[in-house]
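Spelled out from the first residue to the last, the chains are:
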Amino acid sequence: MEKEYEHILKQAALAHEEGRLADAENAYLEVLSEKPDSGPVLNALGTVFLDQSQSDRAKKVFEKAANLNPPDLSACYNLGRRKQLEGDEKGAINIYRAIVTQEPRFGLAWNNLGWCTGKSANRRKPSPVFEKPWHLLPTWPRHGTTWVWHRMSLI
């Protein structure tokens, strides 16, 4: 039975990649009908909903995955992004802080936490949080980090 789900998930991911969003949605829903608490599948379905311009549906699915025990951190990140885009900086900050507490190497959460904390504090200098992604991924060129881009935007 597990191999059948793996096959369906591979087909769903391929359909999503190829832009066959209805096929991807149906495949993810098929798996969720048997495994309703699969965080990665809920997250994948949420990204399909985003690609279909169904932000409200995506947010509900991300919330469900974020409320699992343990939460799906990718879904938490996507939920944080939704809150950020909706202007709910405090909600996004809470989510990103929870992510980096559970997974300190989640560089994108650190990056977005830096943007949100800098924006909410109305800083004229970048948040020190921006340095964290660079320390996690030292192979990134330092001049390409968000921290530097933020500094440049202040000039």
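The structure we're discussing is the one just above.
The residue numbering used here restarts from 1 in each chain and proceeds along that chain's sequence as written. Two thresholds apply to this predicted model, a pLDDT of at least 70 for residue-level local features and 80 or more for giving and counting side-chain atom pairs, whereas whole-chain, interface and lining totals are computed over all residues. Side-chain numbers come from the whole structure's heavy atoms, not from hydrogens or water.

### Quick notes on the overall build of the protein
Moving on, step 1. Starting at the N terminus, helices and strands are each numbered in turn, a helix being any DSSP run of H or I of at least four residues and a strand any DSSP run of E of at least two. Each helix and strand counted, the protein has nine helices and zero strands in total.
Moving on, step 2. When the helices and strands of the protein are placed in sequence order, the string is α-α-α-α-α-α-α-α-α.
Moving on, step 3. Per-residue burial for the protein yields a buried fraction of 46% across its 155 residues.
Moving on, step 4. Restricting to contacts in the protein with at least 6 residues of sequence separation, those with at least 24 account for 39%.
Moving on, step 5. For the protein, the exposed area adds up to about 9,200 Å²; of that, 53% sits on carbon and sulfur atoms. We call a residue buried when its accessible area falls under 20% of the maximum for its residue type, exposed when it is over 50%, and partly exposed in between, using a 1.4 Å probe and counting protein chains only. Note on definitions: a residue-residue contact is assigned when non-hydrogen atoms from the two residues lie within 4.5 Å. Accessible surface is estimated by sampling points in the Shrake-Rupley manner with a 1.4 Å probe; for residues, cover comes only from the protein chains shown.

### What about the packing of aromatic side chains?
One pair of aromatic rings is described through two measures. These are the centre distance and the angle between the planes.
Moving on, step 1. The rule is short: rings of Phe, Tyr and Trp, with Trp giving its six-membered ring, pair when the centres are within 6.5 Å, and they are stacked under 30 degrees, edge-to-face over 60, tilted in between. Counting across every chain of the model gives two aromatic pairs.
Moving on, step 2. Among the aromatic residues, those joined into a cluster by ring pairs are Tyr 77, Tyr 96 and Phe 106.

### Comments concerning the nonpolar core
Moving on, step 1. Counting 38 residues, the largest nonpolar core has Tyr 28, Tyr 96 and Ile 99 as its most contacted members.
Moving on, step 2. When contributions to this core are tallied by element, the ones reaching two or more residues are helix 1 (2-17), helix 2 (21-34), helix 3 (39-51), helix 4 (55-66), helix 5 (73-85), helix 6 (89-102) and helix 7 (107-120).
Moving on, step 3. With residues near it in sequence (within four places) discarded, Tyr 96 still touches Tyr 77, Gly 80, Arg 81, Gln 84, Ala 109, Asn 112, Leu 113 and Cys 116. Only buried residues count toward a nonpolar core, which is a set of Ala, Val, Leu, Ile, Met, Phe, Trp, Tyr and Cys residues joined through side-chain atoms within 4.5 Å.

### Side note on helix 4
Moving on, step 1. Any helix carries an expected span of 1.5 Å times its number of residues minus one. Between its terminal C-alpha atoms helix 4 stretches 16 Å, which fits the 16 Å expected from 12 residues at 1.5 Å a residue.
Moving on, step 2. Residues of helix 4 that are buried: Ala 58, Lys 59, Val 61, Phe 62, Ala 65 and Ala 66. Buried residues in helix 4, looked at end-on, bunch into an arc of 165°, giving them a common side. Counted as exposed and oriented over 90 degrees from the buried face of helix 4: Asp 56 and Lys 60.
Moving on, step 3. Against helix 3 and helix 5 lie the buried residues of helix 4. An arc is given here, and it is the one of the directions from the helix axis to the C-beta atoms.

### A few points about the packing of helix 4 against helix 5
What describes two packed helices is the angle between their axes and the distance between those same axes.
Moving on, step 1. Axis definition: a line fitted to C-alpha atoms, over the contacting stretch in the case of helices. Angles run 0 to 180 degrees between N-to-C directions. Here helix 4 crosses helix 5 at 140°, and the two axes come no closer than 8 Å. Taken together, helix 4 and helix 5 sit at an angle that is classed as oblique. For helix 4 against helix 5, the interelement crossing comes out left-handed. For the pair formed by helix 4 and helix 5, the contact residues are Ser 55, Lys 59, Phe 62, Glu 63, Ala 65 and Ala 66 on the first element and Ala 75, Cys 76, Asn 78, Leu 79, Arg 82 and Lys 83 on the second.
Moving on, step 2. Gly is put with the polar residues, along with every residue not named as nonpolar or charged; the nonpolar set is Ala, Val, Leu, Ile, Met, Phe, Trp, Tyr, Cys and Pro, and the charged set is Asp, Glu, Lys and Arg. Of the residues belonging to the contact of helix 4 with helix 5, the class tally is six nonpolar, two polar and four charged. With respect to orientation, any angle under 35 degrees is reported as roughly parallel, any angle over 145 as roughly antiparallel, any angle of 65 to 115 as roughly perpendicular, and every other angle as oblique. If you view the pair so one helix is near and one far, a crossing is left-handed when the near helix is turned anticlockwise from the far one by less than a right angle, and right-handed when it is turned clockwise.

### A short note on helix 6
Moving on, step 1. Helix length check: helix 6, at 14 residues, gives a terminal C-alpha distance of 20 Å against a target of 20 Å (1.5 Å per residue), a fit within 8%.
Moving on, step 2. Those residues of helix 6 that fall on the buried side of the exposure criterion are Glu 89, Gly 91, Ala 92, Ile 93, Ile 95, Tyr 96, Ile 99 and Val 100.

### Some details on the packing of helix 2 against helix 3
Moving on, step 1. As a packed pair, helix 2 and helix 3 sit with axes 10 Å apart at the nearest point and diverge in direction by 155°. With respect to each other, helix 2 and helix 3 are oriented roughly antiparallel. Note on packing geometry: the crossing formed by helix 2 with helix 3 is left-handed. Where helix 2 abuts helix 3, its residues Leu 21, Ala 24, Glu 25, Tyr 28, Leu 29, Val 31 and Leu 32 lie against Val 41, Leu 42, Ala 44, Leu 45, Val 48, Phe 49 and Asp 51.
Moving on, step 2. Here the residues of the contact of helix 2 with helix 3 are counted per class, giving 12 nonpolar, no polar and two charged.

### A look at the pattern of salt bridges
Moving on, step 1. For this document, the term salt bridge refers to a Lys or Arg side-chain nitrogen within 4 Å of an Asp or Glu carboxyl oxygen. One pass over the full model with this rule turns up five salt bridges.
Moving on, step 2. Here Asp 23 ties to Arg 20 by a salt bridge, and the two come within 3.1 Å at their closest N and O atoms.
Moving on, step 3. Among the residues examined, Asp 23 registers a relative accessible area of 41% and is labelled partly exposed.
Moving on, step 4. Glu 86 is the partner of Lys 59 in a salt bridge, and the nearest nitrogen-oxygen pair spans 3.1 Å.

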